[in-house]
Every structure is written in structure tokens, then in C-alpha cells.
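Below are the chains, spelled out letter by letter.
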Amino acid sequence: MSSEVISPEAIKSVFSEMAEHAGAGVDMDKLKELLLNEHLRQHIDKFDLSNGKVVVKNNQVVLKFDCHANLTIPVYLDQTGHIISSETAQETAEGRNADESGHMHQHIDDAGKHAEQESRGF
Amino acid sequence: MGKMISVFSCKGGVGKTTTAVNLAAAFATSGHKVLLIDCDPQGSAAICAGRFTSLPNQSQCTVFDVLTGTDKADTFTDTCLSLLKVITFPDESVIARYNKFSKNRRLTLFSNMAAKLKLKFDYIIVDNSPANYPITLDGLSASDSVLVPLQCEYLAFKNLAPTMKLLKSVKQDNNPKLKLCGILLTMVDRRSLVTDSILSAARTRLKSGLFKTFIPQSPQLQDSPGFRKPVLVYAPNSHGAQCYKALAVEIIEKSQTHK
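Residues numbered from 1 in each chain as written. Chains lettered and ligands numbered in written order. Predicted model: local features only at pLDDT ≥ 70, side-chain atom pairs only at ≥ 80, totals over all residues.

Some points on the overall build of chain B
Of regular secondary structure, chain B possesses 12 helices and 7 strands. Computed over C-alpha atoms, the radius of gyration of chain B comes to 17 Å, within 12% of the 18 Å expected from 2.2 N^0.38 for 259 residues, which places it in the range of a compact globule. Based on the C-alpha atoms only, the size of chain B along its principal axes is roughly 50 × 40 × 35 Å. Out of the 259 residues in chain B, the part that is buried amounts to 51%. When contacts within chain B are restricted to residue pairs at least 6 apart in sequence, those whose partners lie at least 24 apart make up 78%. (Helix = DSSP H or I, 4+ residues; strand = E, 2+ residues; numbered from the N terminus. Rg over C-alpha atoms; globule rule 2.2 N^0.38 Å. Buried ≥ 20, exposed ≤ 12 C-beta atoms within 10 Å, placed from the backbone. Contact = placed C-beta atoms within 7 Å.)

Shown next as C-alpha cells:
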């Protein structure tokens, strides 16, 4: 007689649900910063976690995720055909990202402003 | 006396049906008598609520039966929850007849129906289509309040203004008593870059109009329609189910504060 009292699928489903909740709550900016400091010295464009599962690592039960990171290494060439130094290029890239992020916040705030105006009267 | 809450947004795919079904289920599981009215031609709400009947579609009680008082008008369809009943959307030929009624007649039929149903149910939740069909506007005109789901992404946030504009015109023209039940952020995914920005802008701009509860992106919420059950039945302990329970509590508390 089998000693199975609960289906393995049920256990797997609980673990996968737990991993999903934990993954949704991860502070992605902080994780990205930590990874950048620890392993990488390049700009990461896209960053995501998937396939959360429960595994044993270093004698403890842990959550394991696959971290997907698109690395983009900007290369800047000036009009004379020379590569701009990596320090200058880094500053330019940071400036561009800050601009784009600022635009995104502005678009979202504009949408909020319109919604706020139309909500008056309720 | 019951309350009639319409779930509406001009934008499709923002979580209207998911919200209507699971909010109705949350009220029903906390002991309230609930009627879910499927006012969307897609007919998804009745399916997702776990419609339980052996009757063929054409024999089931539809919105039109209740509006016009046919002999099927009191035979609400059972669901997988004993306190939750549904009425389905009628077929196209019946809707074509309904659309030929004058606006005044339609509004009178809807407000009479709402008054009768509010004597039988604690909550009547109406799931609407994003399109401005006459039946959608008539339902809004007979509702006590409207709940607006807002998917946590840029285009949905941008489309909130036209939704509020339309609701304001319904309030001004047909239903001065229409209140904003609240704006509900749905499909919130903390991994997205725009999420924090939208959460912050929504809290600043929409203030008390925004529910404190928000609905996360959840695999159980995506899976439950496939099993033809509300998430509160399919995965009652999941995060999504708990959030809809919290939403029901927030709505009850909000209505008590406003009394």
C-alpha cells in the first residue's frame, strides 16, 4: 500500500505559490543595485525574476529564482571615429536614463492630473 | 435595503469581470445575499461565477426577463456559492428589442428592477462592457455607486480620465445620486518599472477615491476562470482571494463611515 497521503502536485503547487508571492514582493531596484555591486559593472536594461522554486542550498531551505538581465554596453563614437572614453560615455548614459525616467514619471503624473480633474464632482 | 454597485471602465482588459465576480463572491462568503448581473455581451461574469444550472442558455433568466417581468424573472441562476446568484446577458435579438425602447422607458425599467432587487439582495453587482451600449448607461443610471478598476499600467491610467468624464456625464444627466464607490488598482506587479510611479501618482491625485486595497498580479486569479470558479472558491487562501475579501471589508466600512 502506498504511503502517499497528499498528492505531490498539491505540495508543488503550495511551494510555487509561495515562491510567486515572494518574487512579487522583491525590491527589484535594491536587488539590481546589490547585484551590480557584487558581480556586474555594466548597465542592465531589463531585469526580471522567474521560475521561483524551493531548493536546499548551503544546508538550508531557500527560494531559488532565475534572474534574467539584459546587459547593454554603450559604445560611443565621436565624429572623428574615436571612441569616447568609458567615463564620459557612462556619464552620458546615466544622463540619458535619468531623462527617460523623468519623462516616464511626467507622463504618469499628467495622466493622474487629468483623471483628478475629471473625478471632481464625485 | 441592498446596494447596487456597477463595475465599469471605458478600457477593456483592466479586470472588470474579475473584480465583479470576486467582489460578489467575497460578499457572499461573508454571509451577504448577492446578485451578480452580467451586463456584458461576452457573458464571462456568469461563467466565472460558477453558474450552476442544467437549463439551456435560452431558458435561463436574463437581465431582460427581470427588466420586463417575464415568468422567468424570479428564477435567478445558482452558482457554486449558495448566497451568490447570477442573471445572464440576453441574446442579440432580445437586446435589439431592448434598444428600440425609448430612453425614458429603459431608465424606468432599470430603476424599477433595481428597487425590486434591492429588497431581495444585500448587494447587486453589475459587470459592464467597456462600450457605451444603452444597457451599460442604463445600468449606471440605476446604480447607487460605481467601482472603477484601474490596471496598474500607463495606458490604463491614461484612460482613467475619459472613464471619469463619462461617469460624470451619467451622474449629471441621469443619476445625480451616483457615487464613486472607489477606484481599484488591479494587476499590480512590483517588478514593473512604472508600478511605483503609478501607485504614487494615483495616491496623490485620486486621494480618497482610491481604495487602500489593491489587487496583485496573481496566477490564481488568472487560473480560476478556467475552472469556472471565483478565486475565493478555487484558491481561497491565495493572495488574490485575500485581497478581494479585504476589498469587500473596505467597501462595507466606507459605506458605514459615509452614513
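What follows continues from the structure just given.
Topic: the overall build of chain A
In terms of regular secondary structure, chain A is built from 3 helices and 2 strands. Its helices and strands in sequence order give chain A the pattern α-α-β-β-α, from N to C terminus. Per-residue burial over chain A gives 5% buried out of 122 residues. Long-range contacts, defined as pairs at least 24 residues apart, comprise 44% of the intrachain contacts of chain A with a sequence gap of at least 6.

Concerning the nonpolar core
Counting residues in each nonpolar core, the largest one holds 87 residues, and the members touching the most others are Ala24, Val34, Leu36 and Ile125 of chain B. Looking at which element gives the most residues to this core, the answer is helix α1 (residues 16–29) of chain B, with 8 residues. (Core = buried A, V, L, I, M, F, W, Y, C linked by C-beta atoms within 7 Å.)

Concerning the confidence of the model for chain B
Overall, the prediction assigns chain B a mean pLDDT of 92, with 97% of residues at 70 or greater. This complex was scored by the predictor with a pTM of 0.74 and an ipTM of 0.83. (pLDDT = per-residue confidence, 0-100.)

Notes on the interface of chain B and chain A
Counting residues at the interface gives 28 residues for chain B, matched by 23 residues for chain A. Those elements that provide at least two residues to the side of chain B that touches chain A are α7 (154–158), α8 (160–173), β7 (179–186) and α9 (195–206) of chain B. For the side of chain B that touches chain A, the element with the highest residue contribution is α9 of chain B, accounting for 7 residues. Within the side of chain B that touches chain A, the residues separate by chemical class into 13 nonpolar, 6 polar and 9 charged. (Nonpolar A, V, L, I, M, F, W, Y, C, P; charged D, E, K, R; others polar.)

Structural notes on the pairing of β7 of chain B
Residue and element names in this part refer to chain B. With respect to burial, β7 is a largely interior element, 6 of its 8 residues being buried. Two strands pair when backbone bridges link them, and strand β6 (residues 145–151) and β7 are joined in this way by 7 bridges, in the parallel orientation. In the sheet register, Gln151 faces β7, and the bridge partner there is Thr186. (Pairing = 2+ DSSP bridges.)

Topic: the environment of Gln220 of chain B
Within the fold, Gln220 of chain B resides in helix α10 (residues 219–223). We classify Gln220 of chain B as partly exposed; it has 19 C-beta atoms within 10 Å.

Details of α8 of chain B
For α8 of chain B, with 14 residues, the first-to-last C-alpha span of 20 Å sits near the 20 Å given by 1.5 Å per residue. Of the residues making up α8 of chain B, those classed as buried are Leu160, Ala161, Thr163, Met164, Leu167 and Val170 of chain B. (Expected span 1.5 Å × (residues − 1).)

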